[in-house]
Amino acid sequence: MANTPVIELINVSKVYVSGGVETQALSEINLNVHKGDYVAISGPSGCGKSTLLSLMGLLDDITEGCYKIEGVDTQSLDLDTLAELRNLHIGFIFQSFNLIDELSVFDNVALPLIYREQSLSQQGIADRVHKALSQVEIAHRADHKPNQLSGGQQQRVAIARALAGEPSILLVDEPTGNLDSKNGDAVMAILDKLNEQGTTICMVTHDPRYAGYAKRQVKLLDGEVLQDQSAEQQAKDYQTEEVL
Ligand SMILES: Nc1ncnc2c1ncn2[C@@H]1O[C@H](COP(=O)(O)OP(=O)(O)OP(=O)(O)O)[C@@H](O)[C@H]1O
């Protein structure tokens, strides 16, 4: 269907049980992310941001509700099928870059493709890697090792690695957490550009300045959606508050 959301959460709740203690991390979350969206999820520590991203990325299972990716209901799928869905649709970017120091930038980006895209020829993989490295403006460093790059450049390689799989959505967790403000700004500018070119992004951040880059602001509080509005609407609301 043309307008099927990339991600659809319907009344999703998550309860952790450990040592006999139950923690309600998320309560009845309703959230749709459409192709081309750029969503920032923010809120205070412990409000459920990382839990929400883990559920979206199929890294953990929901306790109640319904979760669909590209219209596919993920409930009651076996682990292999979930892994396939995750590989097909999700690109992860974490605060730590998780690059392999012994491998070149090119090989770091190629490695997941070699495992996941077995139908691709060597040339096909090389084309994908070069395209992804160019998208994040780091192709000139393809032969370098990660430790020869700045933190911001390493994060750009990690973004390229996620992009090379041509995912339906990038799930981004505190992408600037390990970066100084100059490198942080550069990474945010890259995400901005990728979204302008059509990449769908859902980003968790506790930093309001970086959340402001996104076109849609979702705020969580105590495991619930407190606010879900476009950045444009939010700016108008602030202006109105200032006038009143
Ligand atoms: N594996 C777990 N077992 C038990 N409780 C957990 C687990 N993971 C998270 N929680 C609890 O779930 C709630 C939401 O945690 P979560 O990590 O999603 O919040 P967060 O908004 O990402 O926090 P932060 O900004 O500090 O990273 C918290 O009360 C947390 O203690």
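Residues numbered from 1 in each chain as written. Predicted model: local features only at pLDDT ≥ 70, side-chain atom pairs only at ≥ 80, totals over all residues. Heavy atoms only, no water.

Examining unusual backbone geometry
Excluding glycine, most residues fall at negative phi; most peptide bonds, likewise, are trans. Convention followed: Counting from the N terminus, the helices are DSSP H or I runs at least four residues long and the strands are E runs at least two residues long.
A positive phi angle, close to 60 degrees, is found at Leu-58, a residue other than glycine. Note that Leu-58 resides in the loop between helix H1 (49–56) and strand S4 (64–69). Even without being a glycine, Glu-174 presents a positive backbone phi close to 45 degrees. Its place among the elements puts Glu-174 in the loop between strand S7 (169–173) and helix H6 (181–196).

What to know about the site of the ligand
As a reminder, the rule being used: Only heavy atoms are used to decide nearness, and a residue is near a molecule or strand if one of them lies within 4 Å of it. N or O atoms closer than or at 3.5 Å make up a polar contact, with two conditions inside protein: a donor-capable atom paired with an acceptor-capable one, and, for residues adjacent in sequence, both atoms drawn from side chains. Only the protein chains shown count as covering a residue, and every accessible area follows the Shrake-Rupley method with a 1.4 Å probe.
Every residue lining the ligand is accounted for by Tyr-16, Thr-23, Ala-25, Pro-44, Ser-45, Gly-46, Cys-47, Gly-48, Lys-49, Ser-50 and Thr-51. One nitrogen or oxygen atom from the main chain of Gly-46 is found 2.8 Å from an oxygen atom belonging to the ligand. One of the side-chain nitrogen or oxygen atoms of Lys-49 is found 2.7 Å away from an oxygen atom of the ligand. Taking 630 Å² as the accessible area of the ligand by itself, protein coverage stands at 58%.

Looking at the pattern of salt bridges
To be explicit about the condition: Each salt bridge in this description consists of a side-chain nitrogen of Lys or Arg and a carboxyl oxygen of Asp or Glu lying within 4 Å of one another. Partly exposed describes any residue whose relative accessible area lies between the buried limit of under 20% and the exposed limit of over 50%, with all areas from a 1.4 Å probe on protein chains only and scaled to the type maximum.
For the structure on display, the rule yields seven salt bridges. Residue Arg-216 is joined to Asp-37 by a salt bridge in which the shortest nitrogen-to-oxygen separation is 3.0 Å. In this pair, Arg-216 sits in strand S9 (residues 216–221) while Asp-37 sits in the loop between strand S2 (21–33) and strand S3 (38–42), placing the two residues 179 residues apart along the sequence. Neither Arg-216 nor Asp-37 differs from the other in exposure class; each is buried. Across the salt bridge formed by Lys-193 and Glu-137, the nearest N and O atoms sit 2.9 Å from each other. Here Lys-193, found in helix H6, pairs with Glu-137, found in the loop between helix H4 (122–135) and helix H5 (151–164); they are 56 residues apart in sequence, far enough to count as distant.

Focus on the sheet that holds strand S10 (residues 224–230)
Sheet strands line up and pair through hydrogen bonds in the backbone, either parallel or antiparallel. Spelled out, the test is: Two strands pair under a simple rule: DSSP has to find at least two bridges between them. Only the contacting stretch of a helix is used when fitting its axis, a line to C-alpha atoms as for every element, and angles between N-to-C directions run 0 to 180 degrees. Any two residues having at least one pair of non-hydrogen atoms within 4.5 Å are treated as being in contact.
The strand order across the open sheet formed by six strands is S6-S7-S8-S3-S9-S10, and the pairing between neighbours is mixed. For this open sheet the edge positions go to strand S6 (90–93) and S10, each flanked by a neighbour on one side alone. On average, each strand axis in the sheet is tilted by 15 degrees relative to the strand beside it, whichever way the strands run. Here four bridges tie S3 to strand S8 (residues 201–204), and the two strands are oriented parallel to one another. The partner of Ala-40 across the bridge, within S8, is Met-203. Along the sheet, helix H2 (residues 79–89) contacts S6 and S7; its crossing angle with S6, the most-contacted strand, is approximately 75 degrees. This element, H5, spans S6 and S7 of the sheet and lies at about 170 degrees to S6.

A closer look at the nonpolar core
Counted only if it meets this: Joining through side-chain atoms within 4.5 Å is the link that ties buried Ala, Val, Leu, Ile, Met, Phe, Trp, Tyr and Cys residues into a set, and such a set is a nonpolar core.
Leu-133, Ile-159, Leu-170, Leu-191 and Met-203 are the most contacted members of the largest nonpolar core, which totals 37 residues. Elements that contribute at least two residues to this core include exactly S3, helix H3 (105–116), H4, H5, S7, H6, S8 and helix H7 (208–211). In terms of residues, this core owes the most to one element, H5, which gives seven residues. Sequence-distant contacts of Leu-170, defined by excluding residues within four places in its chain, comprise Gly-91, Ile-93, Ala-162, Leu-163, Leu-194, Thr-199, Thr-200, Ile-201 and Cys-202.

Observations concerning the packing of aromatic side chains
Note the threshold: What counts as a ring pair is set by centres within 6.5 Å for rings of Phe, Tyr and Trp (its six-membered ring), and what kind of pair is set by the plane angle: stacked under 30 degrees, edge-to-face over 60, tilted for all other angles.
One pass over the structure, following the stated rule, counts two aromatic pairs. Ring geometry for Phe-92 and Phe-94: centres 5.6 Å apart, planes at 10 degrees, overall stacked. For the ring pair Tyr-210 and Tyr-213, a centre distance of 5.9 Å and an interplane angle of 45 degrees mean the geometry is tilted.

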